Amino acid sequence: AQSVAQPEDQVNVAEGNPLTVKCTYSVSGNPYLFWYVQYPNRGLQFLLKYITGDNLVKGSYGFEAEFNKSQTSFHLKKPSALVSDSALYFCAVRDQRGNKLVFGAGTILRVKS
Amino acid sequence: KAGVTQTPRYLIKTRGQQVTLSCSPISGHRSVSWYQQTPGQGLQFLFEYFSETQRNKGNFPGRFSGRQFSNSRSEMNVSTLELGDSALYLCASSPRGATEAFFGQGTRLTVV
């Protein structure tokens, strides 16, 4: 069965500093990996995905993620954090049957000015 | 293009009642999935519909059911509500062949 782990419940970073939100996965076959962001009382917003190709994936709002097959990781990164990036971030893997997504537990990102 | 629309946004129901939530996908999207989000269990997959057929189902009791109409709109129903059903219910739609899903704002269900 596919699974996703986000080892940090919360990540704190100062505005302007780089940020990393960690994600590791377990799948059979090739992974389809995603990052979503959720603001309070809102749905999930798609940030980026890895399907195939370059290991560094660029997404919305200046975010990027690095796919590492040997470490089964897909960490979310941003070179310079903004206070407005503060939110709940979810890593997900797509089931090979249909469009079912398996989510990690989520990581709260707090960016302080 | 309009996004995924979920109605209502908020609901308060009493234990034992039933509830129906509605989801209108993005125009042209034929796949609709439902998720339950709670503080304790996180985001859990309920079911997916494609062209009016349930394609995948999560590990939820039979009190949770859904359906999809010919215009791709979907409804989910929860019967005999329990306090533990209080959650944010999220609907997502995907076009044919796409990999990412687009989520609605969710319906916040509170069972009292």
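Residues numbered from 1 in each chain as written. Chains lettered and ligands numbered in written order. Predicted model: local features only at pLDDT ≥ 70, side-chain atom pairs only at ≥ 80, totals over all residues. Heavy atoms only, no water.

### A look at the overall build of chain A
Phase 1 of the analysis: Counting its regular elements, chain A contains 0 helices and 12 strands.
Phase 2 of the analysis: Taken from the N to the C terminus, the helices and strands of chain A come in the order β-β-β-β-β-β-β-β-β-β-β-β.
Phase 3 of the analysis: Out of the 113 residues belonging to chain A, those deemed buried represent 46%.
Phase 4 of the analysis: Across chain A, contacts joining residues at least 24 apart in sequence account for 54% of those joining residues at least 6 apart.
Phase 5 of the analysis: Here chain A displays about 5,500 Å² of accessible surface, and carbon together with sulfur accounts for 47% of that area.
Phase 6 of the analysis: Of note, chain A has its 12 positive side-chain charges centred 6 Å away from the centre of its 8 negative side-chain charges. (Helix = DSSP H or I, 4+ residues; strand = E, 2+ residues; numbered from the N terminus. Buried < 20%, exposed > 50% of the residue type's maximum accessible area, 1.4 Å probe, protein only. Contact = heavy atoms within 4.5 Å. Areas by Shrake-Rupley, 256 points an atom, 1.4 Å probe, with all protein chains shown as cover. Lys, Arg positive; Asp, Glu negative; His and termini not counted. Charge placed at Lys NZ, Arg CZ, Asp CG, Glu CD.)

### Focus on the pattern of salt bridges
Phase 1 of the analysis: One pass over the full model with this rule turns up 9 salt bridges over all chains.
Phase 2 of the analysis: B:Glu100 is the partner of A:Lys49 in a salt bridge, and the nearest nitrogen-oxygen pair spans 2.7 Å. Of this pair, A:Lys49 sits in strand 6 (residues 44-50) while B:Glu100 sits in the loop between strand 9 (87-94) and strand 10 (102-103), on two different chains.
Phase 3 of the analysis: A:Asp85 is the partner of A:Lys78 in a salt bridge, and the nearest nitrogen-oxygen pair spans 2.8 Å. We note that A:Lys78, like A:Asp85, is buried.
Phase 4 of the analysis: Through salt bridges with shared partners, a single ionic network connects B:Arg63, B:Glu82 and B:Asp85. (Salt bridge = Lys/Arg side-chain N within 4 Å of Asp/Glu carboxyl O.)

### Some thoughts on the pairing of strand 12 (residues 107-112) of chain A
All names here are of chain A.
Phase 1 of the analysis: Here strand 12 shows a buried face lined by Thr107, Leu109 and Val111 and an unburied face lined by Ile108, Arg110 and Lys112.
Phase 2 of the analysis: Two elements, strand 2 (residues 10-14) and strand 12, share 5 bridges in a ladder whose sense is parallel. In the strand pairing of strand 12, valine 13 is matched with valine 111.
Phase 3 of the analysis: Here 3 bridges tie strand 10 (residues 87-94) to strand 12, and the two strands are oriented antiparallel to one another. Residue pairing across strands places alanine 87 opposite leucine 109, the latter belonging to strand 12. (Pairing = 2+ DSSP bridges.)

Remember that the coordinates give geometry; whether it matters functionally is a separate question.
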